[in-house]
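Now for the letters of each chain:
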Amino acid sequence: EGVSPQEYTLIKLRIHDDRIPAKLKSRLTSSTTGVYLAAATLRPETMYGQTNCWLHPDITYVAFETCLHGILISTRRAALNMAYQEFTNVYGQYTILAEFLGTELFGLPLHAPLSYYETVYVLPMMTIKEDKGTGVVTSVPSDSPDDYVALMDIKNKVNLREKYNIEESMVLPYDPVPIIELEPYGRLAAPTICNQMKIQSQNDGGKLLEAKEEICTKSFSDGILVVGKYTNTKVSDAKKLVQTDLITDGQACVYYE
Ligand code: A2H
């Protein structure tokens, strides 16, 4: 942890209303304005390329009421942090409506703001840390090496899908979307660098870290958006513009830790 706080954008991934889990549904009032997985990202400008959402199978997630953002789902730790950032009615307090293990939420259909895909699904990622962000990660395999290798794992491994009851239809139709042009990698920087470095799986920790640093630094300095309202805008400029639009539309908020 650094000395200054890290700013994350929380992306609100809405669970389809007719698929809200029963134990949460029974706690809802008619005034509820949606149930959302709150995904913490440093790259709001990449949301056009979302293909799925990641949770850790064994982490506990809580659903709690906020004043402005409906019902959010995150780790307990993040819920408490949000309660100290005026997300809830009473400062420093949040009321848990339901608790879930990641495994209980796998396969739920979501609406992900700006995504090329109309519906994306909740899938397992083993490298999610409990003590960073919200424990919910939105997946952008075109530009995140972590997301790309995890998506390839779940696409290629029938055993992994069977273990967590993930259907083929939640995974196979989802490919990385070209959203950012980055010389010399082209428009699918993460797949390209992972293939060049022969990164095979989520467990290739050292090489993945190297790939991630290379892509993130380069993308910020040289990347150009090739989709959406800010087509032809530099990543470094688009970041704030996309974040502001999402917040104005009620589809995201800022979170510090
Ligand atoms: B980023 P930092 Cl396109 N465990 O969002 C593991 N990873 C987590 C996490 C957790 N609990 N919470 C957030 N993250 C991921 C987009 C993205 C991200 C792209 C490229 C790089 C990238 C789409 N996934 O991150 O340690 C989230 O993934 C590269 C570091 O606080 C979040 O941003 O710096 C980033 O890691 C936060 O990591």
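Note that the structure is a prediction, hence the values are computed from the model and not measured. (Residues numbered from 1 in each chain as written. Predicted model: local features only at pLDDT ≥ 70, side-chain atom pairs only at ≥ 80, totals over all residues. Heavy atoms only, no water.)

(A) Representation of the overall build of the protein chain within the structure. Check the secondary structure of the protein chain and you find eight helices and 12 strands. Computed over C-alpha atoms, the radius of gyration of the protein chain comes to 18 Å, within 12% of the 18 Å expected from 2.2 N^0.38 for 257 residues, which places it in the range of a compact globule. Structurally, the protein chain occupies a C-alpha span of about 50 × 40 × 35 Å along its principal axes. Counting the 257 residues in the protein chain, one finds 53% classified as buried. A separation threshold of at least 6 residues defines the contact pool for the protein chain, and within that pool the share at least 24 residues apart is 72%. Carbon and sulfur atoms form 50% of the exposed surface of the protein chain, whose accessible area is close to 11900 Å². The positive charge centre, built from 24 side chains, and the negative charge centre, built from 32, are 1 Å apart in the protein chain. (Helix = DSSP H or I, 4+ residues; strand = E, 2+ residues; numbered from the N terminus. Rg over C-alpha atoms; globule rule 2.2 N^0.38 Å. Buried < 20%, exposed > 50% of the residue type's maximum accessible area, 1.4 Å probe, protein only. Contact = heavy atoms within 4.5 Å. Areas by Shrake-Rupley, 256 points an atom, 1.4 Å probe, with all protein chains shown as cover. Lys, Arg positive; Asp, Glu negative; His and termini not counted. Charge placed at Lys NZ, Arg CZ, Asp CG, Glu CD.)

(B) Summary view of the environment of Gly-34. Along the polypeptide, Gly-34 turns up in the loop between α1 (22-25) and β2 (35-41). Residues Gly-34 and Leu-151, spaced 117 residues apart in sequence, show a C-alpha to C-alpha distance of 27 Å. Those residues in contact with Gly-34 that lie beyond four places of it in its chain are Arg-14, Gly-70 and Ile-71.

(C) Here's a closer look at unusual backbone geometry. Omega for the bond connecting Glu-183 with Pro-184 falls within 30 degrees of zero, at 0 degrees, which places this linkage in the cis form. Relative to the assigned elements, Pro-184 resides in the loop between β10 (180-181) and α6 (189-196). One non-glycine residue with positive phi stands out, namely Glu-86, at about 65 degrees. Considering the arrangement of structural elements, one finds Glu-86 in the loop between α2 (76-83) and β6 (96-101). With relative accessibility at 64%, the residue Glu-86 sits in the exposed group.

(D) Representation of the site of the ligand within the structure. Taken together, 18 residues form the shell around the ligand, and within it Tyr-8, Thr-41, Lys-132, Thr-138 and Asp-147 come nearest. Here an oxygen atom of the ligand sits 3.1 Å away from a polar atom, N or O, in the main chain of Leu-42. Between the ligand and the protein, one listed contact pairs a nitrogen atom with a backbone N or O atom of Lys-129 at 2.8 Å. A total of 700 Å² of accessible area belongs to the ligand in isolation, and the protein chains cover 86% of it. (Near = heavy atom within 4 Å. Polar contact = N/O pair within 3.5 Å; in protein donor to acceptor, adjacent residues only side chain to side chain.)

(E) Structural context of the nonpolar core. If you look at the biggest cluster of nonpolar residues, it comprises 54 residues, and the most contacted ones within it are Leu-13, Leu-24, Leu-37, Leu-55, Ile-73, Leu-110 and Ile-166. Residue contacts for Leu-55: discarding those within four places in its chain leaves Leu-37, Tyr-61, Gly-102, Leu-105, Phe-106, Val-122, Leu-123, Pro-124, Met-125, Ile-128, Gly-135 and Val-136. Ranked by size, the runner-up nonpolar core spans 14 residues in total, among them Val-62, Phe-64, Phe-87 and Cys-253. (Core = buried A, V, L, I, M, F, W, Y, C linked by side-chain atoms within 4.5 Å.)

(F) Region of the structure containing a nonpolar patch on the surface. On the surface, Leu-80, Tyr-84 and Tyr-91 cluster together into a nonpolar patch covering about 340 Å² of accessible area. The topology assignment puts Leu-80 in helix α2. (Patch = residues over 30% accessible without salt bridge, like charges linked within 9 Å, V, L, I, M, F, W, Y side chains within 5 Å. Salt bridge = Lys/Arg side-chain N within 4 Å of Asp/Glu carboxyl O.)

(G) Quick peek at the packing of aromatic side chains. In total, this model carries seven aromatic pairs according to the counting rule given. Ring centres of Tyr-84 and Tyr-91 lie 5.3 Å apart, and the angle between their planes is 85 degrees; on these two criteria the pair is classed as edge-to-face. Given a relative accessible area of 44%, Tyr-84 falls into the partly exposed group. On the basis of an interplanar angle of 80 degrees and a centroid distance of 6.3 Å, the ring pair of Tyr-121 and Tyr-174 is categorised as edge-to-face. Here Tyr-121 is found in strand β8 (residues 120-124), whereas its partner Tyr-174 is found in the loop between α5 (158-163) and β10, with 53 residues between them in sequence. For the pair Tyr-121 and Tyr-174, one class covers both residues: buried. Ring pairing ties together the aromatic residues Tyr-116, Tyr-117, Tyr-121 and Tyr-174, which thus form one cluster. Of note, Lys-12 hangs over the ring of Tyr-36, and the distance from its end group to the ring centre comes to 4.5 Å. (Phe/Tyr/Trp six-rings, centres within 6.5 Å; stacked < 30°, edge-to-face > 60°. Lys NZ or Arg CZ within 6 Å of the ring centre and 35° of its normal.)

(H) A look at the packing of helix α4 (residues 145-156) against α6. Running from amino to carboxyl end, α4 crosses α6 at an angle of 75 degrees, the nearest separation of the two axes being 9 Å. Taken as axis vectors, α4 and α6 run roughly perpendicular relative to one another. Across from Pro-145, Tyr-148 and Val-149 in α4, the residues of α6 making contact are Ala-190, Pro-191, Ile-193, Cys-194 and Asn-195. Here the residues of the contact of α4 with α6 sort into seven nonpolar, one polar and no charged. (Axes fitted to C-alpha atoms, helices over the stretch in contact; angles between N-to-C directions. Parallel < 35°, antiparallel > 145°, perpendicular 65-115°, else oblique. Nonpolar A, V, L, I, M, F, W, Y, C, P; charged D, E, K, R; others polar.)

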